[in-house]
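Secondary and tertiary structure notes
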Amino acid sequence: MRKIIFAAAVLMTAAGLAACAGGVGGVGEKNASENGTTTGAGILAETGADAGAGGSAEAGAGAGLGGSAITGAGAEAGAAAEAGAAAKAGAGAGAGADAGAGADAGAGAAAGAGTEAGTSTSPATLTIQSLNASKSPISLEVPYNPQRLAVLDMASLDILDALGLGDRVVGTADTSLNYLQQYTGGSIANLGTIKEADLEAVMASEPDVIFIGGRLASSYDALSEIAPVVYLATDPETGLVESVRKNASIIASIFGLESRVEALMAGFDARINALSAFSSGKTAIVGMSTSGGFNVLGSDGRCSLISREAGFENIGVDAAADTSTHGNEASFEFIVKTNPDYVFVLDRDAAIGTDGAKLARDIVENELVMGTDAYKNGHIIYLAHPAAWYTAEGGITALDRMLADLEDGLL
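It should be emphasised that the depicted structure is a prediction, and the values quoted were computed from it without experimental measurement.

1. A short note on the overall build of the chain
Looking only at helices and strands, the chain has 16 helices and 15 strands in total. In the chain, which comprises 411 residues, the share counted as buried stands at 49%. Carbon and sulfur atoms make up 52% of the accessible area of the chain, which amounts to about 18400 Å² in all.

Written as structure tokens, this is what we have:
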């Protein structure tokens, strides 16, 4: 009998203390702080703690599925903690619970009613909009708040980095982007390239989710055998800025971080408006130097930002022509004939680090082009961040650098 009475007293004391702690903790504690970092030119990317939907993140790590973070609540009941759950002690777990309520909770526990274990409000999975191998929209079920990410698309890696989720990346493709070099080498596995995945390396990295871009669409089915494949793309009809906002929101939703997106996108619309005001009534050719030649790009894919959003009239190609990948090969006589106000040049060889390639300036500034108004007026704009334009179009930091290239050359 003495043993039973002693055990009951211990239970009453533990539950009562937990409940009291809950009442105090609910008022005094704050959620773990998120550390700020800057991407590109003044773009805020919150890093550090990453919380699932409805969950409070612990400092330096995201609260996983069913994690033990408690939003503004009090102490967890000792018995529930030993059971491995983030249990809240009855009414005492509520914010602002008073000592009397805590005592009642303790009494209830002593009476054998026990405490109700807290259950996470986060789902185990969620459904997002993605693309399939045919580049058609699909609904895709992915795990919520995944911890292990294999990333074979630089725009997606850019967004994950801006969201502060870099510590979850277990493998990536090679990249020449200087602001993403921390994701190459070391403990992060090399998964191939953005055009050709190393399937064995991807499988060995044991990812919860795989991210790809259009260059790997043909590998979609094979990669889907390993883990859910998130395949996002930009849409020239929608515009690059809105495409980035949409894709960033989709990726953020997987981790319950949708609230961060607007802060990351702040200022882009105003910058586009300034460029559009400048370009009104001006013509341009948008071209890509590659392997010693010059291809003109339309408004249906790569670099369409310049015409569709920055507002230049692209006179380089027929509007109906398909130039979405590498453009159409053109002679320099064509530039002389069309005589645009501006010529924008993307150096593909520099973007992918082609050894021994001629610089775009050496290709473009020949005797013919030097006779055009664009050259004479200093209106040939060499895009200063070619890797961002060519390999990461669709990323948040990439968008910042792309706009900066236009602003530096025009405004």
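Still more to cover.
2. Looking at the pairing of strand E8 (residues 209-212)
Every regular strand shows the same layout, with side chains that alternate between the two sheet faces. Residue alternation in E8 divides its side chains into two sets, Val209 and Phe211 and Ile210 and Ile212, and both sets are buried. Inspection of the sheet shows strand E5 (residues 149-151) paired to E8 by 3 bridges, in the parallel sense. By the bridge assignment, Val151 is partnered in E8 with Phe211. Pairing of E8 with strand E9 (residues 229-231) involves 3 bridges; the strand directions are parallel. Note that in E9 the partner of Ile212 across the bridge is Tyr231.

3. A look at the packing of aromatic side chains
One pass over the full model with this rule turns up 5 aromatic pairs. Centre to centre, the rings of Phe294 and Phe332 are 5.7 Å apart; their planes meet at 35°, and the pair counts as tilted. On the criterion of sequence distance, the pair formed by Phe294 in strand E11 (residues 293-297) and Phe332 in helix H11 (residues 332-338) is long-range, its members being 38 residues apart. Classification of Phe294 as buried rests on a relative accessible area of 1%. Residue Phe332 is classed as buried on the basis of its relative accessible area, which comes to 16%. Grouping aromatic residues by their ring pairs yields a cluster made of Phe278, Phe312, Tyr342 and Phe344. Arg215 extends its terminal NZ or CZ atom over the ring of Tyr390, reaching a point 5.2 Å from the ring centre.

4. Regarding the confidence of the model for the chain
With 68% of its residues at a pLDDT of 70 or more, the chain has an overall mean of 78. Every residue in residues 1-119 scores below 50 in pLDDT, and together they form 177 contacts with partners more than four places removed in sequence or on other chains. Note that pLDDT drops below 50 for residues 319-324; the model gives that stretch 14 contacts with residues more than four away or on any other chain.

5. A few points about helix H16 (residues 396-410)
In an α-helix there are 3.6 residues to a turn, and that puts residues three or four apart on one side. Along its 15 residues, H16 runs 21 Å from first to last C-alpha, staying within 8% of the 21 Å computed at 1.5 Å per residue. With 13 of 15 residues buried, H16 lies mostly within the body of the structure.

6. Points about the pattern of salt bridges
A full pass over the atoms with the stated rule returns 7 salt bridges. With a shortest N-O distance of 3.5 Å, Arg245 and Asp269 are connected by a salt bridge. Linking Arg245 in helix H7 (residues 240-254) with Asp269 in helix H9 (residues 268-279), this pair joins segments that are 24 residues apart in sequence. Looking at Arg245, the relative accessible area reads 13%, which means it is buried. Given a relative accessible area of 38%, Asp269 falls into the partly exposed group. With its nearest N and O atoms 2.8 Å apart, the salt bridge here joins Arg271 to Asp400. Of this pair, Arg271 sits in helix H9 while Asp400 sits in helix H16, and the two are 129 residues apart along the sequence. Ionic contacts of the salt-bridge type, sharing partners, join the residues Glu242, Arg245, Glu262 and Asp269 into one network.

7. A look at the side chain of Ser253
Locating Ser253 in the fold gives a position in helix H7. Beyond its immediate stretch of four places on either side in the chain, Ser253 contacts Leu126, Ile128, Tyr144 and Glu258.

8. Some points on the side chain of Asn314
Mapped onto the secondary structure, Asn314 falls in strand E12 (residues 313-314). Relative accessible area serves as the criterion here: at 16%, Asn314 is assigned to the buried category. Only 3.0 Å separates the side chain of Asn314 from the backbone oxygen of Leu297, close enough to count as a polar contact. Excluding anything up to four places from it in sequence, Asn314 contacts Ala284, Ile285, Val286, Leu297, Gly298, Ser299 and Ser307.

9. Details of the nonpolar core
Leu152, Phe344 and Leu406 are the most contacted members of the largest nonpolar core, which totals 85 residues. Of the residues forming this core, the biggest block, 8 residues, is contributed by H7. The residue makeup of this core includes at least three contributed by each of domain 1 (125-265) and domain 2 (270-409). Sequence-distant contacts of Leu406, that is, excluding residues within four places in its chain, are made with Leu275, Leu305, Ile306, Ala310, Phe344, Leu383, Trp389 and Leu411. Within the second largest apolar cluster, 16 residues are counted, among which are Ile285, Val343, Ala374 and Tyr382.

Quick notes on the rules
- Residues numbered from 1 in each chain as written.
- Predicted model: local features only at pLDDT ≥ 70, side-chain atom pairs only at ≥ 80, totals over all residues.
- Heavy atoms only, no water.
- Helix = DSSP H or I, 4+ residues; strand = E, 2+ residues; numbered from the N terminus.
- Buried < 20%, exposed > 50% of the residue type's maximum accessible area, 1.4 Å probe, protein only.
- Areas by Shrake-Rupley, 256 points an atom, 1.4 Å probe, with all protein chains shown as cover.
- Pairing = 2+ DSSP bridges.
- Phe/Tyr/Trp six-rings, centres within 6.5 Å; stacked < 30°, edge-to-face > 60°.
- Lys NZ or Arg CZ within 6 Å of the ring centre and 35° of its normal.
- pLDDT = per-residue confidence, 0-100.
- Contact = heavy atoms within 4.5 Å.
- Expected span 1.5 Å × (residues − 1).
- Salt bridge = Lys/Arg side-chain N within 4 Å of Asp/Glu carboxyl O.
- Polar contact = N/O pair within 3.5 Å; in protein donor to acceptor, adjacent residues only side chain to side chain.
- Core = buried A, V, L, I, M, F, W, Y, C linked by side-chain atoms within 4.5 Å.
- Domains from an automatic or database assignment.

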